[in-house]
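Residue-level listing of the chains:
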Amino acid sequence: QVRLVESGGGLVQAGGSLALSCRLSESIPGVVFMGWYRQTPGNTRQLVAKITTTGATNYGDSLEGRFTISGDAAKGLVDLRLDRLEPEDTGVYYCNLKQMITINEGNSYWGEGTQVTVSS
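Residues numbered from 1 in each chain as written. Predicted model: local features only at pLDDT ≥ 70, side-chain atom pairs only at ≥ 80, totals over all residues. Heavy atoms only, no water.

## Looking at the overall build of the protein chain
Argument step 1. Secondary structure summary: the protein chain contains 0 helices and 11 strands in total.
Argument step 2. Its helices and strands taken in sequence order, the protein chain reads β-β-β-β-β-β-β-β-β-β-β from the N to the C terminus.
Argument step 3. Its C-alpha radius of gyration of 14 Å places the protein chain within 12% of the 14 Å reference for a compact globule of 120 residues.
Argument step 4. Looking at the protein chain as a whole, 40% of its 120 residues qualify as buried.
Argument step 5. Within the protein chain, contacts between residues at least 6 apart in sequence are counted, and of these 53% link residues at least 24 apart. (Helix = DSSP H or I, 4+ residues; strand = E, 2+ residues; numbered from the N terminus. Rg over C-alpha atoms; globule rule 2.2 N^0.38 Å. Buried < 20%, exposed > 50% of the residue type's maximum accessible area, 1.4 Å probe, protein only. Contact = heavy atoms within 4.5 Å.)

Written as structure tokens, this is what we have:
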């Protein structure tokens, strides 16, 4: 079935960078956007960034400027560059895809998550 395949997580020193990648396992119709969310200690899962099939982007609070999302959501491809990482960025990062089936019905797909750990 449909799944999102993530890669690029790992260990990095504060101030360093990582590049995350997410690919859709099979072509599906009606993709609206793809993006990345993260779960950090003491917080609920929150938006990092997303990109629509038209290329419009949206970033979580204070993240634009350090993180950059790119890709082709319609093709099920999205990348996230994380720059100037801080220990507070440590957490599990999840790829997400929103599919519209009808005007009132859709699906949301999630990757299994990739760990990002930033050391001080």
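Having put the structure on the table, let's press on.
## Some details on the side chain of Ser 21
Argument step 1. Examined against the element boundaries, Ser 21 turns out to sit in strand β3 (residues 18-24).
Argument step 2. For Ser 21, a relative accessible area of 13% translates into the label buried.
Argument step 3. Separated by 3.1 Å, the side chains of Ser 21 and Arg 23 make a polar contact. (Polar contact = N/O pair within 3.5 Å; in protein donor to acceptor, adjacent residues only side chain to side chain.)

## Re the side chain of Asp 83
Argument step 1. Structurally, Asp 83 is set in the loop between β8 (77-82) and β9 (91-102).
Argument step 2. A polar contact of 2.8 Å, which involves the side chain of Asp 83, links it to the side chain of Ser 17.
Argument step 3. In this view, Asp 83 contacts Gly 16, Ser 17, Arg 66 and Phe 67; residues no more than four positions away in its chain are not counted.

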